[in-house]
Amino acid sequence: MNHERFADYIRRFNAQDPSAFEDYLTPDVAVQNGTLKYTGIEAMKAHYARIWSGMKETLDPRRVVCDGDTLAVELHARFEALKDDPDSLFGPVVRGEAFDYTGVIMYRIRDGRFADIRVAYLDFVHTDVQGRRRSLGIPH
């Protein structure tokens, strides 16, 4: 894994292209995001299908460090609600609300693909449709 390949993964992720998971994850990828844990590409696809069905998620890597076996990224992710959804991953949301994640994600690399993904939170902020912001802590 190098910076160019990671940039391609981010570009495809931001385009909501689930084939990026097949190209960049090992079949047995293990993901831990707070208390949310799942294993495998199909679980990753199902997780993001749920998010992408009602939200636009945009990843903005701020700093990327890679030594070949491990990649770490300081990241900002913005989730924008595209529709009212009483059962979103973040609870009930209305169109126009946003959620901003800031944190660090650590990827363990095996055979040029992500085998383990761990998400660490620095902040998670909800912005309502009136523009009021409040920190939510860890959502999962």
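What counts and how
Residues numbered from 1 in each chain as written. Predicted model: local features only at pLDDT ≥ 70, side-chain atom pairs only at ≥ 80, totals over all residues. Heavy atoms only, no water. Helix = DSSP H or I, 4+ residues; strand = E, 2+ residues; numbered from the N terminus. Rg over C-alpha atoms; globule rule 2.2 N^0.38 Å. Buried < 20%, exposed > 50% of the residue type's maximum accessible area, 1.4 Å probe, protein only. Pairing = 2+ DSSP bridges. Salt bridge = Lys/Arg side-chain N within 4 Å of Asp/Glu carboxyl O.

Per an unreviewed UniProt entry, the protein chain carries the name SnoaL-like domain-containing protein and comes from Castellaniella defragrans.

Helix and strand counts for the protein chain stand at three helices and nine strands. Element order for the protein chain, N to C, with α for helix and β for strand: α-α-β-β-α-β-β-β-β-β-β-β. Relative to the globule expectation of 14 Å for 140 residues, the C-alpha radius of gyration of the protein chain, 15 Å, shows essentially globular dimensions. By its C-alpha atoms, the protein chain is 45 × 25 × 25 Å across when sized along the principal axes. The proportion of buried residues among the 140 residues of the protein chain is 44%.

Judged from the 11 bridges that link them, strand S3 (residues 55-66) and strand S4 (residues 70-81) form a sheet pairing that is antiparallel. By the bridge assignment, Asp-60 is partnered in S4 with His-76. In textbook terms, the turn of a hairpin is the stretch between consecutive antiparallel strands, and for S3 and S4 this stretch comprises three residues, one of which, Gly-68, has a positive phi near 105°.

One pass over the full model with this rule turns up 13 salt bridges. A salt bridge links Arg-78 to Asp-100, with the shortest nitrogen-to-oxygen separation between them at 2.5 Å. With Arg-78 in strand S4 and Asp-100 in strand S7 (residues 98-110), this residue pair connects regions lying 22 residues apart in the sequence. The partly exposed category is assigned to Arg-78, whose relative accessible area is 28%. With a relative accessible area of 7%, Asp-100 lands in the buried category. For the salt bridge of Arg-118 with Asp-116, the shortest nitrogen-to-oxygen distance reads 2.9 Å. Since its relative accessible area comes to 9%, Asp-116 is described here as buried. Ionic contacts of the salt-bridge type, sharing partners, join the residues Asp-8, Arg-11, Arg-12, Asp-17 and Asp-23 into one network.

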